[in-house]
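Summary of structural features
Below are the chains, spelled out letter by letter.
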Amino acid sequence: MKVIINIDDYGLSPSTNESIIALAKEHKISSTTILTTRSGNIHNEIASLRDNCPQIGCGVHLDLDSFFKFDENNVYGTNEHDIVANYEQITNNNIDDITFALHSQIQMVKSTGIQITHVDSHHSIHQFPFLLPTVLSVMDLHGIKKMRFANNFYRIDDSYNFVMQYLTASGILSPDYFFALPELMSNGNILDCASGIIEIMAHTSLDDNSLGCVEQYNFLKDLDVSGFELITFGEL
C-alpha cells in the first residue's frame, strides 16, 4: 500500500517544527508542507528541515488568512459550505494581491533550495472553486503539478465537475484517496476500503494539543508503518 503521510504547518511554531523533524527522523512520515507566513525566522527554520530531513518531500502550505479572516468569521474551510460567504467578491477585489501572496510564499520556499513537491493549503483555500484557477496559474508559473485533493470537500456536483475539468486540463496529479489522521485513529480499518495511493494528513505538536496535535504526534510516533510503502508527492 503506497501512502503519503503529510504533516501540515511546518513553520507554525517551534513545537510544531520539532515534532515534524522528530517524526521524519524516525521515518514515520514522508512529507510535510511549509507555512511561510507565521514566523519571522522561516528561512532558518526551512534550512533546518532541509538539512535534518533530506529524505522527506516538502510542499507549500498556502495561506490566505489575511484576506479571508477565517477565525474571525468562524469558518474553517472544512468543505465548500464552510467558506466566508463573500469569498468570491473578496477574491475579485484583491486578485492581484492574492496572486502576489501565493507567488511569494512559493518563491520563499524555493529560495532556500527546497525542491517543492506539491501544494496544499491552510483552510483548504486551494480547493475553493472560484479561487482554484488563480492557484493553478501560480502553480504553473513555478512548474508545480501536484496538489492535495480531498474530494469530500465538494458538496455540490457542479462544483466538483468544474474543479475536475480544471485539474484535468492543467495536468494536476493527486493521490487517489485522502484521509485526515483522526479518521485513522478512530477507525484502524479505514484504509482497507482504499486502493491506489493514499494521503494521510496530520497536524502535530510536542506541547499544543489544539486540534489534538499532541495526540496525533504520539499516535504517529507509535504507528507501525512497516505495512506501508511511504512515498512523497514527488513520486506520483
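Everything below is about the structure printed above this text.
The paragraphs below set out a description of the structure included in this document. (Residues numbered from 1 in each chain as written. Predicted model: local features only at pLDDT ≥ 70, side-chain atom pairs only at ≥ 80, totals over all residues. Heavy atoms only, no water.)

**Details of the packing of helix α6 (residues 95-110) against helix α7 (residues 132-141)**
Threshold: Axis geometry follows a simple rule: fit a line to the C-alpha atoms, using only the stretch in contact for helices, then measure angles between N-to-C directions, giving values from 0 to 180 degrees. For helices the rule is a DSSP run of H or I covering at least 4 residues; for strands it is a run of E covering at least 2, with both sets numbered from the N terminus onward. Angles are sorted into four bins: roughly parallel if under 35 degrees, roughly antiparallel if over 145, roughly perpendicular if 65 to 115, and oblique for all others. Here is the rule for handedness: rotate from the far helix to the near one, and if that takes an anticlockwise turn smaller than a right angle the crossing is left-handed, while a clockwise turn gives right-handed. Contact criterion: two residues are considered in contact whenever any of their non-hydrogen atoms come within 4.5 Å of each other. For this scheme, ten residues count as nonpolar: Ala, Val, Leu, Ile, Met, Phe, Trp, Tyr, Cys and Pro. Four count as charged, namely Asp, Glu, Lys and Arg, and the remainder, Gly too, count as polar.
Taken N-terminus to C-terminus, the directions of α6 and α7 make an angle of 40°; their axes are 10 Å apart at the nearest point. On the basis of their axis angle, the class for α6 and α7 is oblique. In this structure, α6 crosses over α7, and the sense of that crossing is right-handed. Contacts from Ile-95, Thr-99, Leu-102, His-103 and Ile-106 of α6 reach α7 at Thr-134, Val-135, Val-138 and Leu-141. For the contact of α6 with α7, the per-class residue count stands at six nonpolar, three polar and no charged.

**Let's talk about the environment of Glu-183**
What counts is decided by this rule: Note on classification: 1.4 Å probe, protein chains only; a residue is buried when its accessible area is under 20% of the maximum for its type, exposed when over 50%, partly exposed between these limits.
Tracing the backbone through its elements, the reader meets Glu-183 in helix α9 (residues 181-186). Looking at Glu-183, the relative accessible area reads 31%, which means it is partly exposed. Linking Glu-183 and His-126, residues 57 residues apart in sequence, is a C-alpha distance of 22 Å.

**Quick notes on the nonpolar core**
Applied cut-off: Only buried Ala, Val, Leu, Ile, Met, Phe, Trp, Tyr and Cys residues count toward a nonpolar core, and they belong to the same one when joined by side-chain atoms within 4.5 Å.
Core analysis: the biggest nonpolar cluster contains 65 residues, and Ile-5, Leu-64, Phe-68, Ile-125, Leu-131 and Leu-220 have the highest contact counts within it. Leaving out residues up to four positions away in the same chain, Ile-5 has contacts with Lys-28, Ile-29, Ser-30, Ser-31, Ile-200, Leu-220, Leu-223, Val-225, Phe-228 and Leu-230.

**So, helix α1 (residues 14-25)**
Operational definition: How far a helix is expected to stretch is found by multiplying one less than its residue total by 1.5 Å.
Compared with the 16 Å implied by 1.5 Å per residue over 12 residues, the 16 Å span of α1 between its first and last C-alpha is a close match. Within the sequence span of α1, burial applies to Ser-15, Thr-16, Asn-17, Ser-19, Ile-20, Ile-21, Leu-23 and Ala-24. Contacts made by the buried residues of α1 are with β1 (2-10), β2 (31-34), α2 (42-52) and α10 (213-222). Immediately beyond the C-terminal end of α1, within one or two residues, lies His-27, with a positive phi of roughly 60°.

Remember, this is a structural readout, not a statement about activity or role.
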